[in-house]
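Listed below are the residues making up each chain.
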Amino acid sequence: MASLPVSIEFFPPKTPEGAEKLRGVRQQLYGLKPQFCSVTYGAGGSTQQGTFDTVGEILAEGVDAASHFSCIGATKASVRAELATLKAMGVKRLVALRGDLPSGYGLGGEFHYACDLVAFIREETGRDFHIEVAAYPEIHPQAKSPEADLNAYVQKVKAGADSAITQYFYNSDAYFRFVDEAVKRGADVPVVPGIMPITSSTQLLRFSDACGAEIPRWIRLRLQAFGDDTASIKAFGLDVVGDLCEQLRNGGAPALHFYSMNQSVATLALANRLQNA
C-alpha cells in the first residue's frame, strides 16, 4: 500500500547542545520527506523566540515549517506583529491554538478562544497562511462536555481553518467517530491523526494524564508489566502504534503527524514499518 504523507512536530530546544542535537535528528527525519515540520510554543508564548528560531532553521534547510501560534495573553497588536514577522520569514503554515496558561496566570489578552484567533488571522492576512487547528478525538480535558468540545472544534473550522491535527490517541475508533461527527456538523476539513510513539511508559503516562489522552487499560497494564525493560517497551510500542497507523491508513486518514519528542529512532521505525506493511 502507498505510504501516507507525513508531518513531524518538534519543540524548541532549551540549550545550544539541544539545538545541535535537533539539527541531526531533523536531517534523519527529512528522509521521510515530510510535507512540513511544526514547532511548538511554550505556555503563554514563553518559548516564542526559540520557536521562531527553530522554524527559521527548518525553512533554511529547505523544508516547509509550521509555527505553533497561541493567543493566550495576546493582543491584536501583538498578534499582528508576530504574523508580520512570520510572513517575512517565509512561513506559510500556522498551527493556531488557544495555548496553555502559564501557572498562576489569569485569562488575559484580547483572545479567549482559538476560533477568535483563527478568524483574526484570516481577517488580517487573507489566504497568506494555511491554518491548522487542534482536534481532540477523546475530548479536550477542559471541555464542559463532548458536545461543547465538538462545537468548539466546528467553530474553529468555520472561522477559517484549513485542516486539523489531533491530540494523540491509541484507539482508532475515537478518531473515526470524531471525524464523522464533525462532518455531520459541516466541518469537513482534513483531520490528520497525531501519532505519539511509545518509547517510555513513565513519560507516556505522565503526558497522557496531563493532556487528557486516553491510554487503553490493556496498554497501560502491559506497560506496567514490563517494568524497566526498555527494549520490551519499545518493541511493544512499535507493534501497538504501528497497528494503529495501519488502521488509520486503511480507514482513509489523509496523513499522519508524528510527535517526535525531538528524537528520530521511533518515528523512523514506525514509518519504515508502515512502508513495508
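For the structure itself, consult the block above.
Our subject in this report is the structure included herewith. As the structure is a prediction and not an experimental result, all values here were calculated from the model. (Residues numbered from 1 in each chain as written. Predicted model: local features only at pLDDT ≥ 70, side-chain atom pairs only at ≥ 80, totals over all residues. Heavy atoms only, no water.)

### Re the overall build of the protein chain
As a reminder of what qualifies: Helix and strand definitions follow DSSP, with helices as H or I runs of at least four residues and strands as E runs of at least two, each counted in order from the N terminus. Only C-alpha atoms enter the radius of gyration, while the globule expectation follows 2.2 Å times N to the 0.38, with N the number of residues. For the exposure calls, accessible area comes from a 1.4 Å probe over protein chains only, and a residue counts as buried if that area is under 20% of its type's maximum, exposed if over 50%, partly exposed in between. Using a 1.4 Å probe, the Shrake-Rupley method yields the accessible areas, and only the shown protein chains count as cover for residues. The charged-residue count follows a simple rule in which Lys and Arg add positive charge and Asp and Glu add negative charge, with His and chain termini not counted at all. In plain terms, the charge of a residue is placed at NZ if it is Lys, CZ if Arg, CG if Asp and CD if Glu.
The helix and strand tally for the protein chain stands at ten helices and eight strands. Over its C-alpha trace the protein chain gives a radius of gyration of 18 Å, about what one expects of a compact globule, namely 19 Å for 277 residues. Seen through its principal axes, the protein chain has C-alpha atoms that stretch 50 × 45 × 40 Å. For the protein chain, the proportion of its 277 residues judged to be buried stands at 47%. Of the roughly 12,900 Å² of accessible surface on the protein chain, a fraction of 52% belongs to carbon and sulfur atoms. Averaging the coordinates of the 26 positive side-chain charges in the protein chain and doing the same for the 30 negative ones gives two points 1 Å apart.

### Points about the side chain of Thr-51
The condition that has to hold: Contact between two residues is taken to exist if any of their heavy atoms lie within 4.5 Å; hydrogens are not considered.
Following the sequence through the fold, Thr-51 ends up in helix H2 (residues 48-60). For Thr-51, a relative accessible area of 0% puts it in the buried group. Those residues in contact with Thr-51 that sit more than four places away from it in its chain are Pro-12, Val-39, Thr-40, Tyr-41, Ser-67 and His-68.

### Observations concerning the nonpolar core
Keep this limit in mind: The definition of a nonpolar core used throughout is a set of buried Ala, Val, Leu, Ile, Met, Phe, Trp, Tyr and Cys residues joined through side-chain atoms within 4.5 Å.
Ranked by size, the top nonpolar core spans 79 residues in total, and within it Tyr-153, Tyr-170, Ile-195 and Ile-198 carry the most contacts. For this core, the element with the most residues is helix H9 (residues 230-250), which contributes seven residues. Excluding anything up to four places from it in sequence, Ile-198 contacts Tyr-170, Leu-204, Ile-219, Leu-223, Ile-233, Lys-234, Gly-237, Val-240 and Val-241.

### Quick notes on helix H4 (residues 114-125)
Basically, it comes down to this: Any helix carries an expected span of 1.5 Å times its number of residues minus one.
Taking 1.5 Å per residue, twelve residues should reach 16 Å; H4 reaches 16 Å between its end C-alpha atoms and fits that length. Within the span of H4, buried status applies to Ala-114, Cys-115, Leu-117, Val-118, Phe-120, Ile-121, Arg-122 and Thr-125. Check the buried side of H4 and you find it contacts strand E3 (65-70), helix H3 (76-89), strand E4 (93-97), strand E5 (130-135) and helix H5 (146-158). Phi turns positive one or two residues past the end of H4, at Gly-126, with a value near 60°.

### Re the layout of surface pockets
Applied cut-off: Here the term cavity refers to a set of points on a 1 Å grid, laid over the protein atoms alone, in which a 1.4 Å probe fits but cannot get out; the term pocket refers to an open set having protein on both sides within 12 Å along at least five of seven lines, with lining residues being those that place an atom within 4 Å of a point. Grid points are joined across faces, edges and corners, and a volume is the space filled by probe spheres set on the points. Note on residue categories: nonpolar means Ala, Val, Leu, Ile, Met, Phe, Trp, Tyr, Cys or Pro, charged means Asp, Glu, Lys or Arg, and polar means any other residue, Gly included.
Estimated volume of the second largest pocket: approximately 360 Å³. Lining the second largest pocket are 20 residues, and of these Pro-197, Ile-198, Thr-199, Gln-263 and Ala-266 sit closest to its centre. Among the secondary structure elements, those contributing two or more residues to the lining of the second largest pocket are helix H7 (201-211), H9 and helix H10 (265-276). Each residue belonging to the lining of the second largest pocket can be placed in one class, and the counts come to 13 nonpolar, six polar and one charged.

### Focus on the sheet that holds E3
Counted only if it meets this: By this definition, two strands are paired if DSSP reports at least two bridges between them. Note on geometry: axes are C-alpha line fits, over the in-contact stretch for helices, and angles between N-to-C directions span 0 to 180 degrees.
Pairing is parallel around the closed barrel formed by eight strands, whose spatial order is E1-E2-E3-E4-E5-E6-E7-E8. For this sheet, the mean inter-axis angle between neighbouring strands, taken without regard to orientation, is 30°. Alignment of E3 against E4, held across five bridges, turns out to be parallel. Its bridge partner lying in E4, Ser-70 is registered against Leu-97. In the packing of H3 onto the sheet, the strands contacted are E3 and E4, and the crossing angle to E3 comes to about 175°. Contacts from helix H6 (residues 172-184) reach E5, strand E6 (163-168) and strand E7 (191-195), with the element oriented near 160° to E7.

### Some points on H9
Across its 21 residues, H9 extends 30 Å between first and last C-alpha, which sits within 8% of the 30 Å expected from 1.5 Å per residue. Looking only at H9, the buried set comprises Ile-233, Phe-236, Gly-237, Val-240, Val-241, Gly-242, Leu-244, Cys-245, Leu-248 and Arg-249. Buried residues along H9 sit against H6, E7, H7, helix H8 (217-226), strand E8 (256-259) and H10. Taken from the residues just after H9, Gly-252 is the one with a positive phi, measuring 100°.

### With respect to the packing of H2 against H3
Just so we agree on the cut-off: For classification, angles of less than 35 degrees are called roughly parallel, those exceeding 145 degrees roughly antiparallel, those between 65 and 115 degrees roughly perpendicular, and all remaining angles oblique. Put simply, a crossing is left-handed when the front helix is turned counterclockwise from the back one by less than a right angle, and right-handed when it is turned clockwise.
Direction vectors running N to C along H2 and H3 enclose 20°, while the axes themselves pass 10 Å from each other. Overall, the two elements H2 and H3 adopt an arrangement that is roughly parallel. Judged by the twist between their axes, the crossing of H2 over H3 is right-handed. Contacts between H2 and H3 involve Gln-48, Phe-52, Val-55, Gly-56 and Leu-59 on the former and, on the latter, Glu-82, Thr-85, Leu-86 and Met-89. For the contact of H2 with H3, the per-class residue count stands at five nonpolar, three polar and one charged.

### Some points on the environment of Glu-82
Spelled out, the test is: Polar contact is the term for a pair of N or O atoms within 3.5 Å; when the atoms are in protein, one must be able to donate a hydrogen and the other to accept it, and sequence-neighboring residues count only if both atoms are side-chain atoms.
Take Glu-82: it is sitting in helix H3. In this structure Glu-82 comes out as buried when scored by relative accessible area, which is 16%. Residues in contact with Glu-82, not counting those within four places in the same chain, are Tyr-41, Gln-48, Phe-52 and Phe-69. Polar contacts involving the side chain of Glu-82 include one to the side chain of Gln-48, which spans 2.8 Å.

The quantities given are spatial measurements derived from coordinates; they are silent on function.
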